[in-house]
Amino acid sequence: MSYFPVMIDLNQKQVLIIGGQKTALRKANQLKQFGADIHIISETICDSLRSYPYEIRSVKPTDIDTRYDLIIAATNQRKVNAWIAQKCKQERILVNVVDDPALCTFIFPAIVKQDDVIIGISSSGKSPLLTQWIKAQIQTVLPPSLGSINTAMGIYRKKLLRSIHDPSQRKIALQTKLAELFREAKND
Ligand SMILES: C[C@@]1(CC(=O)O)c2cc3[nH]c(cc4nc(cc5[nH]c(cc(n2)[C@H]1CCC(=O)O)[C@@](C)(CC(=O)O)[C@@H]5CCC(=O)O)C(CC(=O)O)=C4CCC(=O)O)c(CCC(=O)O)c3CC(=O)O
Ligand SMILES: NC(=O)C1=CN([C@@H]2O[C@H](COP(=O)(O)OP(=O)(O)OC[C@H]3O[C@@H](n4cnc5c(N)ncnc54)[C@H](O)[C@@H]3O)[C@@H](O)[C@H]2O)C=CC1
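The following paragraphs examine the structure supplied in this document. (Residues numbered from 1 in each chain as written. Chains lettered and ligands numbered in written order. Predicted model: local features only at pLDDT ≥ 70, side-chain atom pairs only at ≥ 80, totals over all residues. Heavy atoms only, no water.)

Details of the site of ligand 2
Taken together, the neighbourhood of ligand 2 is formed by 21 residues, with Thr23, Arg26, Ser42, Thr44 and Asn76 sitting nearest. At a separation of 3.3 Å, an oxygen atom of ligand 2 approaches a polar backbone atom of Lys22. Within the side chain of Arg26, a nitrogen or oxygen atom sits 2.6 Å from an oxygen atom of ligand 2. For ligand 2, the protein covers 72% of the area, taking 870 Å² as the surface of the free molecule. Residue composition of the shell around ligand 2, by class: five nonpolar, ten polar and six charged. (Near = heavy atom within 4 Å. Polar contact = N/O pair within 3.5 Å; in protein donor to acceptor, adjacent residues only side chain to side chain. Areas by Shrake-Rupley, 256 points an atom, 1.4 Å probe, with all protein chains shown as cover. Nonpolar A, V, L, I, M, F, W, Y, C, P; charged D, E, K, R; others polar.)

Here you go:
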């Protein structure tokens, strides 16, 4: 089955990552860009993950606690990851299991980010390599100014929401502004 994409506000959400190597690091770095508070518990930890709060030890049952909004099982022990997933489901905590898509209640997309413009790409777990390929294709066609165009549109739209009350009039003004910003970006 395919997955429904949602945009979640992760600012200051509590995220526990169990595992301390390459995969844990990639997940941590993805989430950090969106303001999550990340905690690591792992028997061993790579240097790059030491910038997050961490504890070097085995995971234990009391770690799977509802003080966390999300938990990522990123150990290399299938049984440990499966146990984490089961505990999370009991506690209704969203869980990502790096070695078993069937145990995940959410999965990571590949992300293209230009300021607040976010594109999430997924193969519904079937092929992360295809997902990476799609991301590379998208990156070659997007203009680099999308982030600043979005910021400018956000400010303009906020103003118009107060000054133009007719939605169809407002839409025309927004379309004109967007075309103007793209023209300016092209000439830069
Ligand atoms: C289901 C999912 C769960 C999740 O992790 O959330 C999952 C699962 C698994 N990945 C595996 C392997 C690889 N994953 C990558 C890369 C990425 N994997 C990511 C997401 C996801 N991976 C979720 C579904 C995504 C979707 O729907 O497409 C990305 C997009 C996002 C991210 O990680 O941030 C990130 C690219 C980010 C970017 O480029 O921007 C590479 C490539 C590489 O390493 O360079 C490989 C090696 C090649 C290969 O195996 O295909 C394995 C086997 C592990 C083993 O061998 O034991 C499993 C387990 C399984 O499938 O059983
Ligand atoms: N979903 C994805 O995108 C990908 C998933 N993988 C999967 O991710 C798994 C982990 O990959 P790597 O980060 O390269 O692993 P790794 O083998 O380098 O590290 C595993 C980490 O888990 C820790 N750990 C093991 N048992 C633990 C326990 N009981 N409590 C706390 N920490 C424990 C270890 O100390 C170590 O830090 C792999 O087994 C692989 O199946 C691999 C590549 C991509």
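Structural notes on the site of ligand 1
Of all residues adjacent to ligand 1, which total 21 residues, the nearest are Lys27, Ser122, Ser123, Thr131 and Lys135. Measuring from an oxygen atom of ligand 1, one finds a backbone N or O atom of Phe108 at 2.8 Å. A distance of 2.6 Å is found between an oxygen atom of ligand 1 and a side-chain nitrogen or oxygen belonging to Lys135. For ligand 1, whose accessible area on its own is 1100 Å², the fraction buried by protein is 68%. Counting residues per element, the shell around ligand 1 draws most heavily on helix α3 (residues 128-141), at five residues. (Helix = DSSP H or I, 4+ residues; strand = E, 2+ residues; numbered from the N terminus.)

What about the packing of helix α4 (residues 146-163) against helix α5 (residues 167-187)?
When two helices pack together, their arrangement is given by the angle between the helix axes and the distance between those axes. Running from N to C, α4 and α5 cross one another at 155°; their axes reach a closest spacing of 10 Å. Taken as axis vectors, α4 and α5 run roughly antiparallel relative to one another. In the crossing of α4 with α5, the sense of the turn from one axis to the other is right-handed. From α4, Leu146, Ile149, Ala152, Met153, Tyr156, Arg157, Leu160 and Leu161 reach across to α5, where they touch Arg170, Ala173, Leu174, Lys177, Leu178, Leu181, Phe182 and Ala185. The residue inventory of the contact of α4 with α5, partitioned by class, reads 13 nonpolar, no polar and three charged. (Axes fitted to C-alpha atoms, helices over the stretch in contact; angles between N-to-C directions. Parallel < 35°, antiparallel > 145°, perpendicular 65-115°, else oblique. Left-handed = near helix turned anticlockwise from the far one by under 90°. Contact = heavy atoms within 4.5 Å.)

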